[in-house]
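# Structural overview for review
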Amino acid sequence: MRAFISFLVGSLFGLGLLVSGMTDTTKVQGWLDVFGDWDPTLAFVMGGAIVPMAVAWRFTIGRKPVLGAAFPTPPEPKLGRNLILGSTLFGMGWGLSGLCPGPAVASLSFGGTGGVIFIVAMVTGMMITPKLRSRLDQTAVAV
Amino acid sequence: MPMDWIMGLAGGVLIGVAAAIYLLVNGRIMGASGIIGGLVDGSGRHDWIERAALIAGLIIVPGIATFIVGGTETHLTGNWAIIIVAGLLVGVGTRLANGCTSGHGVCGISRLSLRGIVATAYYIGAGGLTVVIFKHLLGVI
């Protein structure tokens, strides 16, 4: 049942990304291009997604998930180096390509060879991150 | 183009409803990088079926939709070097930061999470700066 819900969620997510135009890299780069021909679409997508999710968060108070033990606890409000460095690196890749993980996967069936290469590179990056993270932690201790 | 904005808003609501269902029913955060990353690095092996099911829906349904409607272009650059570098940056960055546009952006900001808001500020800032440098100054994208 949980897997079925997950499939449904992925389907809606993918449809939403497609409808909103977020699988089109020019729309994403257009949003980031504040000094060029700025495209505000992404702000509408974010706004549209945040509203139902904000309602959902309110609804979690004092309740349990339908098919789960507990709702995810809020992360510690700690802004570590990994959050800042990681988000900066991600932003650079996002700006260069116009793709983030969700749309990259959602466009796999129609994104051509380039889209597949992007996924392979992204997955490779994800695979090496645990090692990279511990290396960074060691350096931080040494410094 | 206002029509693009309306489609953006409608698609955004679909994304938000998807994230809300995942939270309220399964008790999980709909973060694309976390769901994929957990499968890739083995940290999410215990619930791999759910992760795989979500990814399957994310791939299959847009595939069917574009097959029916047609004409969808991603306009991704043809420069493989840029694609590979960007993919590596996105993979490493989102896992290091523990989230991407869906996890930190949609799920984090809606919870008024400080981490989500700060992460979003940094990736949008870095993305904007990257476009300025690589498009307007260097002219390579």
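Shown above is the structure to which this text applies.
Residues numbered from 1 in each chain as written. Chains lettered and ligands numbered in written order. Predicted model: local features only at pLDDT ≥ 70, side-chain atom pairs only at ≥ 80, totals over all residues. Heavy atoms only, no water.

Here we take up the overall build of chain A. If you tally the helices and strands in chain A, you get 6 helices and 0 strands. Going from the N terminus to the C terminus, chain A shows its helices and strands as α-α-α-α-α-α. For the C-alpha atoms alone, the extent of chain A along its principal axes is close to 45 × 40 × 30 Å. Counting across all 143 residues of chain A, residues that qualify as buried make up 51%. Long-range pairs, those at least 24 residues apart, make up 51% of the contacts in chain A with a sequence separation of at least 6. (Helix = DSSP H or I, 4+ residues; strand = E, 2+ residues; numbered from the N terminus. Buried < 20%, exposed > 50% of the residue type's maximum accessible area, 1.4 Å probe, protein only. Contact = heavy atoms within 4.5 Å.)

Okay, the environment of A32(B) next. With respect to the helices, strands and loops of the structure, A32(B) is situated in helix α2 (residues 32-40). You can call A32(B) buried: its relative accessible area is 4%. Along the chain, A32(B) and C100(B) lie 68 residues apart, while their C-alpha atoms are 7.1 Å from each other. Those residues within four positions of A32(B) in sequence are excluded, and the remaining contacts are F13(A), P101(A), G102(A), C100(B) and S102(B).

In this section: helix α3 (residues 48-69) of chain B. Helix length check: α3(B), at 22 residues, gives a terminal C-alpha distance of 32 Å against a target of 32 Å (1.5 Å per residue), a fit within 8%. Taken residue by residue, α3(B) has E50(B), R51(B), A53(B), L54(B), I55(B), G57(B), L58(B), V61(B), P62(B), G63(B), A65(B) and T66(B) as its buried positions. Summarising the contacts, the buried residues of α3(B) are in contact with α1 (2-20) and α5 (101-106) of chain A together with α1 (2-26) and α2 of chain B. (Expected span 1.5 Å × (residues − 1).)

So, about the nonpolar core. Of all hydrophobic cores here, the largest spans 55 residues; its most connected members are F13(A), M53(A), W94(A), F118(A) and M30(B). With 8 residues, the top contributor of residues to this core is helix α3 (residues 41-60) of chain A. (Core = buried A, V, L, I, M, F, W, Y, C linked by side-chain atoms within 4.5 Å.)

With that settled, the discussion passes to the packing of helix α4 (residues 81-97) of chain A against helix α4 (residues 80-96) of chain B. Between α4(A) and α4(B), whose axes approach to 7 Å, the crossing angle comes to 155°. The angle between α4(A) and α4(B) falls in the class roughly antiparallel. Note that α4(A) runs across α4(B); the crossing there is left-handed. Contacts between α4(A) and α4(B) pair N82(A), L83(A), L85(A), G86(A), S87(A), L89(A), F90(A), M92(A), G93(A), W94(A), L96(A) and S97(A) from the former with I82(B), V85(B), A86(B), L89(B), V90(B), V92(B), G93(B), T94(B) and L96(B) from the latter. (Axes fitted to C-alpha atoms, helices over the stretch in contact; angles between N-to-C directions. Parallel < 35°, antiparallel > 145°, perpendicular 65-115°, else oblique. Left-handed = near helix turned anticlockwise from the far one by under 90°.)

The relative placement of two aromatic rings is captured by the distance of their centres and the angle of their planes. According to the stated counting rule, one finds 5 aromatic pairs over all chains in the structure shown. Considering the side-chain rings of W94(A) and Y123(B), the 5.5 Å spacing of their centres and the 85° angle between planes classify their relative orientation as edge-to-face. One end of the pair, W94(A), is in helix α4; the other, Y123(B), is in helix α6 (residues 114-137), on a second chain. Joined through ring pairs, the aromatic side chains of F90(A), W94(A) and Y123(B) make up one cluster. (Phe/Tyr/Trp six-rings, centres within 6.5 Å; stacked < 30°, edge-to-face > 60°.)

Moving on, we come to the interface of chain A and chain B. If you look at the interface, chain A gives 102 residues, while chain B gives 96 residues. Inspection of the chain A/chain B interface yields 3 salt bridges. Counting across the chain A and chain B interface gives 18 residue pairs in polar contact (both at pLDDT 80 or more). At the level of secondary structure, the elements contributing two or more residues to the side of chain A that touches chain B comprise α1, α2 (25-32), α3, α4, α5 and α6 (112-142) of chain A. By residue number, the principal contributor to the side of chain A that touches chain B is α6(A), which donates 18 residues. Taken together, the residues of the side of chain A that touches chain B break down into 61 nonpolar, 34 polar and 7 charged. (Salt bridge = Lys/Arg side-chain N within 4 Å of Asp/Glu carboxyl O. Polar contact = N/O pair within 3.5 Å; in protein donor to acceptor, adjacent residues only side chain to side chain. Nonpolar A, V, L, I, M, F, W, Y, C, P; charged D, E, K, R; others polar.)

Within the fold, S107(A) resides in the loop between α5 and α6. Engagement of the side chain of S107(A) in a polar contact is seen with the backbone oxygen of A104(A), the distance being 3.4 Å. Excluding residues that lie within four positions of it along the chain, S107(A) makes contacts with T23(A) and T74(B).

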